[in-house]
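Descriptive analysis of the structure
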Amino acid sequence: MEFNIKVVVELTILYLALFIMVFFMLVLVQNRHRISKRPRPDKKWKPKISVIVPAYNEEENIEKCVLSVINAEYPKNKMEIIIVDDGSTDKTYEIAKRLEREYPKIIKVYRKKNSGKADSLNLGIEKASGEIIATLDADSYITPKAIEKMLPYFKEKGVMAVTAAVKASNREGFLERLQAVEYIYTLFSRKVMEFIDAIYVTPGPFSMFKAELFKEIGGFDRNNILEDQEMAMRIQSYNYKIRSSLDADVYTEVPKTFGSLLKQRIRWHRGGLRNSYKYLHLISPEYGDLGLIVLPVGFLSVLAIFAVLFVFIYTRVYSMPIPLTQNFLLLMLTPAIIIGVMLLLLNLLWIYFGLKVFKNEKIDLPMVLVYIFSYAYLISIFWISAIIKELKFEKLRW
Amino acid sequence: MRKINVPLYVAAFLITTAIFAAGIYVGLVIEQEAAKSIYASLEKSTQRIANAQLMFLLEDSPSFCGVYEEDLEKVFEEADILGKELEYLEKQKQVYDPDLKNKYFALELRNYLMAKKVKDVCGGNFSLALYFYSSNCTECERQGEELTSARDITGWRLKVFSFDGSSKSSIVDALKKEYNISAYPTIIIDEKHVLTGFKKAEEIVEKVGR
C-alpha cells in the first residue's frame, strides 16, 4: 500500500465515519429498551394548550390544518388555536376568519404585515394563555391522538420541548416517496439523539413547548431563517431537555419538485451553518455528547463532502474498460474499499433497526434502497449549493 | 456541566480501531494476493509461449500452423489483459514492480518473435507492431488509445507489442538498441514502417498489410 495524500485523506474520513457509526450504534444498543417505551399518561393533568398556526398564503391548507386540531382528542375547553396571518395576499385570512366564526370559543385570528414566520410565532406566543404552547405549520396537520401522546413527556424534570413524529403527507412522486423514507429515518435518528440529550431541532411542522420557557429564554429569533433549529439549540444551551415522540403522527407537505426541494434544503443548510456558528460555544465537553460528538460531526460531515470530492478528482476516473478477471477483482479490493464495505454493512444494520422501530409504517422498500444508495449524493448537492450561495453572500430569505 | 459517558467513548474507540485494523490487514493481504496472482498469470502465459516455441523448433512444417495460430491467439489475449492489469497497478495503485515489468516485456518479446516466425512459415494475414512508449511522454497515453482503435478497425489483424522505454528492463534496452529508438512514441510496423511521434489510428491502419 502506497501512502500518498489521497490514501491518507480517504482513510481518515473512513476512520471518523466508522467511529461515529459505532458510537451511535452503541448508544442505540445501550438504550434499546427506551425506543418503544412511552411515558405513562396522566389522566388528571389536562393543561391548557395554545396551538399557534403562523400562515402566509396557505389558503389551500389552512382549513385542514386547523380542523385537525379541532378534531384532536383533547378537551375543547382546554384548547385554543391562534392563527397568525402574516400578511397573506390570498384568501388565507378570509378562511381563518370564517373558521373563527364557526369556533369562536377556540379560534382567534390575528393579522399583521408580512414580517416572517418567527415574528408570527412570537405574536402568537404573546397572545397565548395556555400552559403549553404548540407551534403548527399551516401546511401540516396533526392526527387526533398526537397531543395526548406528546403531553406526558413534559412530566419529566427539565423537559421544555417535545417533538412530534413528522411524516410526509404527499407521497405520489419519486422525490416525495424518497422524502417519506428520509423523514422516517430522521425520526429514528432524532430518537437516538434524545438518549444522549442532543436533539438540535424542534421541527416547525409541530412541536410543543412549556409556555414558561419563552419567558425565560425569549421567543423565536426573528432574524433567523431556521428559527425552529435555533430554538432547539437555545434550549440546549440552557441545558433544558427535549424529548421526541415516535407515535404522535403529524403530516407535513414535502416539496414535489427538485427545484423546490433544493430551495428548501439550501435554506436548511445555510440556516444550519449560521446556527452552528452562533452556537459554536456549545462545542465543548461541558455540553456532554452534544458538544463532543453531535455538533462536531455536523461540521465534519460538511468537510467530508469536500474531502470525498477531492479524492474523486485526485483519482482520475479510470476510462479504460476493465476486463473482469480474478486479478482485477483482487486489485480493486483496496483496504479503503474493504473498510468502506464494512461501513456500508453497519449502515444497513442501522437502517434495519430503523425499519423495525416503524414496523407499523408501510415500507416502501424500493425507495429505502434508493435512499441508501443515492441519499449521500443528493445531500452533497444540497450542501455544495448552500455553501456556494453562502460564500457569495447571496441574500437569504425564508 | 453535563455527564460524559467515558466508557461509551472508550468502547467506541476500541471497536472502531479493531474494525479499521482488520480492514487494513485484509486489504493488505488481498493486495499481496493480487501481485502473486498476476505473477502466476504471467508465468502461465510465458510457459504457454515457451512450449509453443519448443514445438516449433521440433517441427516447423506448415501442417502444424493451425496449432501455433491457436496458441498465439490465446497468448495474445492473455498478454493484453496482463498489460491492462500492470497499467492499473502502476497508475491507480502507484505500485511499480520492476521485476514484474521485466517479466512482462520478456513475454511480449517472446510473443513477438513467435508471431514473426509463424507469419513467415504459415503466412498469416496480420501485421506486427512494436510500440515504444515512455512514462514521461505526454502523447503516449493518447497514442495507446489510437493503437487500440487501429487494432479494432483492422479486426485484430494488427498485433501490438508494447515496451516501456523508461523502464529499467534489460530486454527493452536491447530492443531500443536493435531498432535505434530515441524518441517516444515510436511504432514499427512489420519491421518496415517506422512511425515516430503521435499518429492517428487511420495513419497506422494504412501501414497494415492487406
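Since we're looking at a predicted model, the values are computed, not measured.

On a plain count of helices and strands, chain A comes out with 13 helices and eight strands. The globule rule puts the C-alpha radius of gyration for 398 residues at 21 Å, and the 23 Å found for chain A is close to it. On the principal axes, the C-alpha backbone points of chain A span a range of 80 × 45 × 40 Å. Sorting the 398 residues of chain A into buried and exposed places 39% on the buried side.

Below, the discussion takes up the overall build of chain B. A count of helices and strands for chain B gives six helices and four strands. From first element to last, N terminus to C terminus, chain B shows the α and β order α-α-α-β-α-β-α-β-β-α. Computed over C-alpha atoms, the radius of gyration of chain B comes to 23 Å, more than 25% over the 17 Å expected from 2.2 N^0.38 for 210 residues, which places it beyond the range of a compact globule. Summarising its shape, the C-alpha atoms of chain B cover approximately 90 × 40 × 30 Å along the three principal directions. Put simply, 74% of the contacts in chain B that link residues at least 6 apart link residues at least 24 apart.

Our next topic: the interface of chain B and chain A. At the interface, 32 residues of chain B touch 31 residues of chain A. Secondary-structure elements contributing two or more residues to the side of chain B that touches chain A are helix 1 (6–58) and helix 2 (65–91) of chain B. Among the elements that make up the side of chain B that touches chain A, the one with the highest residue count is helix 1 of chain B (19 residues). For the side of chain B that touches chain A, a count of residues per class yields 18 nonpolar, seven polar and seven charged.

Accessible area lost upon the coming together of the parts serves often as the stated size of an interface. Residues and elements named next belong to chain A. For chain A, the assigned domains read domain 1 (1–47 + 148–398) and domain 2 (51–130). Using C-alpha coordinates to define each centre, domain 1 is positioned 30 Å away from domain 2. Taken together, the contact pairs 12 residues of domain 1 with 14 residues of domain 2. Grouping the amino acids of the side of domain 1 that touches domain 2 by side-chain chemistry returns four nonpolar, two polar and six charged.

All right, on to the domain arrangement of chain B then. All names here are of chain B. Segmenting chain B into domains produces domain 1 (10–124) and domain 2 (127–210). Spacing between the C-alpha centres of domain 1 and domain 2 amounts to 20 Å. At the interface, 13 residues of domain 1 touch 12 residues of domain 2. Element by element, the count of residues in the side of domain 1 that touches domain 2 is highest for helix 3 (residues 98–122), at 11 residues.

Another point: the nonpolar core. If you look at the biggest cluster of nonpolar residues, it comprises 95 residues, and the most contacted ones within it are Ile52(A), Val53(A) and Ile83(A). Here this core spans two domains, and each of domain 1 (1–47 + 148–398) and domain 2 (51–130) of chain A adds at least three residues to it. Apart from the residues within four sequence positions on either side, Val53(A) is in contact with Cys65(A), Val66(A), Ile81(A), Ile82(A), Ile83(A), Leu136(A) and Ala138(A). Listed in part, the 40 residues of the second largest apolar core include Ile49(B), Tyr88(B), Leu147(B) and Val160(B).

Another point: the pairing of strand 6 (residues 159–168) of chain A. Residues and elements named next belong to chain A. Counting buried residues in strand 6 gives eight out of 10 residues, a clear majority hidden from the surface. Bridge analysis of strand 6 against strand 7 (residues 206–210) gives three bridges, and the strand direction is antiparallel. By the bridge assignment for strand 7, threonine 163 is matched with serine 207.

Residues and elements named next belong to chain A. Among the residues making up helix 2 (residues 62–70), those that are buried are Ile62, Cys65, Val66, Ser68 and Val69. When helix 2 is viewed along its axis, its buried side chains cluster within an angular range of 150° and face the same direction. In this structure, the buried side of helix 2 is in contact with strand 1 (49–55), strand 2 (79–85), helix 3 (92–102), strand 3 (107–111), strand 4 (132–136) and strand 5 (140–142).

Parameters at a glance
Along each chain, the written sequence defines residue order, and numbers are assigned to residues from 1. Numbering of ligands from 1 and lettering of chains from A proceed in the order in which they are written. Note on the predicted model: pLDDT of at least 70 is required for a residue's local features to be given, and 80 or more for side-chain atom pairs to be given and counted; whole-chain, interface and lining totals, by contrast, use all residues. Per the convention used, a helix needs a DSSP run of H or I reaching at least four residues, while a strand needs a run of E reaching at least two, with both numbered from the N terminus. We take the radius of gyration over the C-alpha atoms and set the globule estimate at 2.2 Å times the residue count to the 0.38 power. Partly exposed residues are those whose C-beta has more than 12 but fewer than 20 other C-beta atoms within 10 Å; 20 or more makes a residue buried and 12 or fewer makes it exposed, with C-beta atoms placed from the backbone. Contacts here follow a simple rule: the backbone-placed C-beta atoms of the two residues must lie within 7 Å. Residues are grouped as follows: Ala, Val, Leu, Ile, Met, Phe, Trp, Tyr, Cys and Pro are nonpolar; Asp, Glu, Lys and Arg are charged; all remaining types, including Gly, are polar. All domain edges in this entry derive from an automatic or database-based domain assignment. Buried Ala, Val, Leu, Ile, Met, Phe, Trp, Tyr and Cys residues form a nonpolar core when they are connected through C-beta atoms within 7 Å. Think of it this way: DSSP has to see at least two bridges between two strands before they count as a pair. This arc is taken over the directions from the axis of the helix to the C-beta atoms.

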